[in-house]
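# Overview (structure and organization)
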Amino acid sequence: MSDVIAIDGPAGSGKSTVARALAAALDWSFLDTGAMYRAVTAEVLRRHIDPADESAVARVAQDAHITTEPRVTIDGVDVEDVIRNEPVNVAVSTVAANPVVRRAMVTRQRRWAADQPRGTVVEGRDIATVVFPDATLKVFLTASLDERARRRGDEGVDSVARRDDADTGRIVSPLRRAEDAIAIDTTHRSVQQVVEEIVTCLKTPN
Ligand code: DC
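In this text, all values refer to a predicted model and were calculated from it rather than measured experimentally. (Residues numbered from 1 in each chain as written. Predicted model: local features only at pLDDT ≥ 70, side-chain atom pairs only at ≥ 80, totals over all residues. Heavy atoms only, no water.)

In this structure, Val-191 sits in helix H9 (residues 191–203). Under the relative-accessibility criterion, Val-191 is labelled partly exposed at 34%. Apart from the residues within four sequence positions on either side, Val-191 is in contact with Thr-17, Val-18 and Ala-21. (Helix = DSSP H or I, 4+ residues; strand = E, 2+ residues; numbered from the N terminus. Buried < 20%, exposed > 50% of the residue type's maximum accessible area, 1.4 Å probe, protein only. Contact = heavy atoms within 4.5 Å.)

The following block contains the structure:
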């Protein structure tokens, strides 16, 4: 397996921003796995499927072709502009708790990483614990709830807190810090500081 940096953490902890900047600094590929769950959710809502209808949602996920870069698409439809909207924020935790959906996404994530010519930075909720348990480096980002809600703008503190509870409390692949992950609190740190800290860890033999 080529090098993988796994970055997990709750909504608004800075995963996407940090992972993207880190990948650019290293000239590695970047994968936002939350965008994949969001794309499936957008398609479920577009088809007027109940997000709690496990088998119907599973069929959408199993059949779908998803891209995340440069734009998020599902089955050729560009959903970049809808995946951060309120209806998707509300439904995505239910879709992401579906075990069949998770299996389908994890398979794609591993295949995608194996296809990259260089190392990869992958961010999500279960990257270090489930998707890449042998990752080169595991990072768990946190930040205060107020700061995370501020970063999420319109989503609001209640919605972010509700998603935290759903993502942490679900039975399949709940959000948790891997034992061997380094924890970084990003509340009072700039993106550049966090990136530098991760690069330093990467270069430090353990
Ligand atoms: O990182 P994000 O807020 O875009 O993620 C959207 C939702 O997707 C989040 O509420 C939990 C879920 N998710 C997940 O269950 N597993 C991942 N690897 C990534 C995201």
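We now examine the nonpolar core. Counting 40 residues, the largest nonpolar core has Val-40, Ile-66, Ile-74, Val-79, Val-101, Met-105 and Phe-132 as the members making the most contacts within it. Where this core is concerned, the elements lending two or more residues are strand E1 (4–8), helix H2 (33–46), helix H3 (54–63), helix H4 (86–96), helix H5 (99–115) and helix H6 (127–131). With seven residues, the single largest contributor to this core is H2. Ignoring any residue separated from it by four or fewer positions in sequence, one finds Met-105 in contact with Met-36, Tyr-37, Val-40, Ala-61 and Ile-66. The next biggest cluster of nonpolar side chains, apart from the first, holds 18 residues, and it includes Ile-7, Leu-22, Trp-28 and Val-199. (Core = buried A, V, L, I, M, F, W, Y, C linked by side-chain atoms within 4.5 Å.)

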